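What follows is each chain in one-letter form.
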Amino acid sequence: MTDNGHEIEQPDDRVPKRVIGTPDSGASMLEASQPQVDDGDVPGVYLPDEAKANKAEKIVALCFTITFVAAIAFIVNYVVFQVGDINSTAVSNVALGAPLTVALLGLAVGIVVWVRQIMPKYNLVQERHAMVSDPETREYVEETFLRGAKESGIPKRPLLRRTLLLASAPLGLLPIVLLRDLDNAKMPASKFQQELRHTVWGRKTKEGKPLKLVVEGTGQPIRAADFNSPGGILSVVPEGYEHDLNALAKAVLILIKFRPEEIKSGTNLNWTHDGIVAYSKICTHVGCPAALYEQTTHHILCPCHQSTFDAADGAKVIFGPAARPLPQLPIGVDDQGFLIAKGDFAVPVGPSFWERGDAEAKVRSTGGHA
Amino acid sequence: MTVPKAIAGPSNFIDERIGAGNFMKRNLRKVFPDHWSFLLGEIALYSFIILLLTGTFLTFWFKPGMEHVIYNGPFDPLKGVVMSEAYASALEISFEVRGGLLMRQMHHWSALLFVAGMMVHMLRVFFTGAYRKPRELNWLIGVGLLTLALAAGLTGYSLPDDLLSGAGLRITQGVAISLPLVGTYISFFLFGGEYPGEDVIARFYSLHILLIPGILLALISAHMVLMWVQKHTQMPGKGRNNHNVVGAPFYPAFMLKAGAYFMFTFAVVAGLATFFQINPIWAFGPYTPADISAGSQPDFYMGFLEGALRLMPSWEINLFGTAEAGTLPLSVIIPALVPMGIVMTGLALYPFLEQWITGDRREHHIADRPRNNPHRTSIGMAAITFYGVLWLLGANDELAANFHISLNMTTYIGRVMVFAGPVLAYMITYRICLGLQRSDAAVLSHGVESGVIKRLAHGEFIEVHTPPDEDIEAHMRGKESIPEIPAAEDADGIPPKGMRGPIGKLRAKMSQTYGGEKIPLDEGHGHGDEHPAIGEGDDDRSLTH
């Protein structure tokens, strides 16, 4: 939609004048100059050739008619094509979208032809003035400001001034104070971090028994004897919390079956059961589920930022931005042979936070295994 | 011709009440200069209007709730699945409302176009120096708009509550909670307790449909008003100078052209939404923090943050050891804050830094050609490269899969390129700018090849050169040398006041490097009738001598 307001004069030479580089917007590089009538009244307004304008009018009219027809088609299609399943929605999407696109395009093209072929070409010049006001105005404003200030009494009444400032400070704080209950937690904010240190694995069932590990999705408890093919992997959630997203955000596990000789020293053997190891599935980087597992290398990979953990060696970090291993959950079996949690994680799961501290070192310092 | 009654009546009514005539008199024929690059910002403007229209439509059905419902809609694969109200209503919009999917896809496409339009517009303004005095304020508003657009995108992206958007939300939370001192509080206040809670969708919803667009609308209006008051910059050219505007009048030409351009943008968005699927939420399933799909990618404008997160080595510090405080997850904090900080702060400060370095306090209304301020252009290209490397790395898993490179290798290369790339881009751009300046100088002093080969009396063949077109010459001669601050030492070897301390010396040095004329247009050559076109004067002169 660039306009050419200044055609290039072509001198009657043996050599055509060549134009190089980025031409001025819309300046035609090849077209011969078009005869243009200067509007007698306004300099810089070049009326188009009447015959060409008449021809253009027909094109514009055609475009506008297309828009009319397409808009009608949209309405008709809206009534004709119903939605409901994925196929009919796909059809409806095209049946509505295509006429809408055509209608808008018709209008757009029509107006462009109108502006370019029917309306004059312009090369109007307007003066620009410096943005700054002239000195008299500035002086006047300055005087008025000072007079107004004086009239208001602010400069010579410090008590007024200071108490106004005093008043506005707490008033400005009110909106922030009002946001305090955004946490819905009914607890001192200093307790937030304590919440992050526990998961539901530390809880018991209503009967006072440890929570079973159940398969995510089906909710089936896992009999250790059945989970016996080395290299096997399961995504596991706590019994009774299958649909509790807050619980899952910290408690979801990745359960892997190893041959005993594959397990390295980083893994706490006391927390495993018959080569079955449970790690937190929540990546210690920013909390995506580390859901990918490579059987041959025992690598757990987080698909978000590619932090890679060695599942055989306590899920220590071997690549990527995560700084800490995936915490291991102590597991065992109940009297029926189902896998259960023997307690909560020893360290907070998921992304780091300011109050976390070196929780792993803390556990180690008390003789534990993180 | 007289004004028809239908228009004269209401006009009279309005004029008698608010004196609209005075405003019309001043503004109806306001002149707008023309250049294709001036249209980039309009893409963003029109996308915003489309966002408001389609977004309003979506609100009529969308339910921003996280209550669990069991899906019983027409999409069979999800029948009986437990999901949030938000996701269920997004599915309803997609499958059960006629035109719903179209509007949803238009909303998403125009959001991408909105941010993309702003970015290229901003680059145009940067590279042509159109942010210079008196337009610094509008530039700052622009930086604010870009930031808000990212916030609008982030909050909107999360609303459908599908597995993909949830992954984005999870990363947002992981970043928020990692912030020193305040992280835990921010996360608990934002999510109404522990992640994910049951509030965040509703809260993002009110931010996304009320607060952020409200501020956007206000800032966009201010942006337009300032542009109107200050008049648009123009490219250098024949008859154009710092004290005029040359172009087409607002009424009727510019007005109609703007309308047509709006329709074009609208048509492109509608066409994309019709023929190119975007964000098929039904394919991802409802969000659960326990699952993720591989190859999860954010929208393009968040890609650079994603790339920065992927690139970072695994650094974490515990300032006070095992004490319950002082954990600094640098592998999150640095990539989340530093690149964004560098880009946004750099953008906001650039006009003022440039003024400080050049000492240039004049008004500028003629746009620079990028080559004519080589250091600025090189800094811009370095920034683009920095951003671009991070952006590419945000899709390093796709790069690794499609080009069969080791994933780890893409990360290692990225870690080097994020530093080396900008330096290389700077040096290369600087050389290209000088080369282009030289080529301009050559055109002005020697003319351009005419395509006419001439045989001289002694048998030599030469190509005749002809002076460039007037418009082109004026365009090239629009070049201005970049001012330098006076830092020369006086007769006693004392630099001027303010240039004496270490900062003053650095400033003087930078000014010297940044400013000045690198390649004068008429360097060492005559022009004018020394190199005449064929047909006048002596034919024998040409560059081939």
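Scroll up to find the structure.
Please read all numbers here as calculations on a predicted model, not as lab measurements. Sequence order as written defines the numbering, with residues in each chain counted from 1. Chain letters and ligand numbers both follow the written order, the letters beginning at A and the numbers at 1. For this predicted model, a pLDDT threshold of at least 70 governs which residues receive local features, and a threshold of 80 or more governs which side-chain atom pairs are given and counted, while totals over whole chains, interfaces and linings are taken from all residues. Side-chain figures throughout are based on the complete set of non-hydrogen atoms in the structure, without hydrogens or water.

Asks: Help me understand the overall build of chain B in this model?
Replies: Secondary structure follows DSSP: runs of H or I at least 4 residues long count as helices, runs of E at least 2 residues long count as strands, and numbering of each begins at the N terminus. When its secondary structure is counted, chain B shows 18 helices and 8 strands. Dimensions along the principal axes, computed over C-alpha positions, put chain B at roughly 90 × 80 × 55 Å. Across the 545 residues in chain B, those meeting the buried criterion constitute 54%. Any two residues whose heavy atoms approach within 4.5 Å are treated as being in contact. For chain B, the share of sequence-separated contacts (at least 6 apart) that also reach a separation of at least 24 residues comes to 74%. Each residue gets one of three labels from its accessible area relative to the maximum for its type: buried under 20%, exposed over 50%, partly exposed in between, using a 1.4 Å probe on protein chains only.

Asks: What am I meant to see in the sheet that holds strand 5 (residues 213–215) of chain A here?
Replies: Either a parallel or an antiparallel arrangement is found when strands of a sheet pair, and the pairing is made through backbone hydrogen bonds. All names here are of chain A. Read across the sheet, 5 strands follow the order 5-6-7-8-13 without closing on themselves; strand pairing throughout is antiparallel. With one partner strand each, in any of the chains shown, strand 5 and strand 13 (328–329) form the two edges of the open sheet. Of the strand pairs in this sheet, strand 6 (residues 233–238) and strand 7 (residues 253–257) are connected by 4 bridges, and their pairing is antiparallel. Paired with Ser 235 across the bridge in strand 7 is Ile 254. At least two bridges found by DSSP between two strands are what make those strands a pair.

Asks: Explain the state of the cysteines here, please?
Replies: The bond known as a disulfide is covalent and runs between the sulfur atoms of two cysteines. Residues and elements named next belong to chain A. The criterion for a disulfide is a pair of cysteine sulfur atoms lying within 2.5 Å. Using the criterion set out here, one finds 1 disulfide over all chains in the structure. Between the sulfur atoms of Cys 288 and its disulfide mate Cys 304 the distance is 2.1 Å. On the sign convention where negative is left-handed, the bridge of Cys 288 and Cys 304, at about -85° about the S-S bond, is left-handed. Of this pair, Cys 288 sits in the loop between strand 8 (276–280) and strand 9 (292–294) while Cys 304 is found in the loop between strand 10 (299–301) and strand 11 (308–310), placing the two residues 16 residues apart along the sequence. Given the relative accessible area of 2%, Cys 304 is considered buried. Free cysteine: Cys 283, not disulfide-bonded; nearest cysteine sulfur from Cys 302 at 4.0 Å.

Asks: Quick question: what am I supposed to make of the pattern of salt bridges here?
Replies: Between side chains of opposite charge, a pair can form when the charged atoms approach closely. In the sections that follow, a salt bridge refers to a side-chain nitrogen of Lys or Arg positioned within 4 Å of a carboxyl oxygen of Asp or Glu. Scanning the model with the defined rule gives 32 salt bridges over all chains in all. The partner of A:Lys281 in a salt bridge is A:Glu216, and the shortest N-O contact between them spans 3.8 Å. Pair noted here: A:Lys281 is in the loop between strand 8 and strand 9 and A:Glu216 is in the loop between strand 5 and strand 6, with a separation of 65 residues, a long-range link. With a closest N to O distance of 3.7 Å, B:Glu470 and B:Lys238 form a salt bridge. Within this pair, whereas B:Glu470 is found in helix 17 (residues 470–477), its partner B:Lys238 is found in the loop between helix 9 (200–230) and strand 4 (244–249), the two being separated by 232 residues in sequence. Residue classification places B:Lys238 among the partly exposed positions, given a relative accessible area of 42%. Bridged by salt links that share partners, the residues A:Arg324, A:Arg356, A:Glu360 and B:Glu316 form one connected network.

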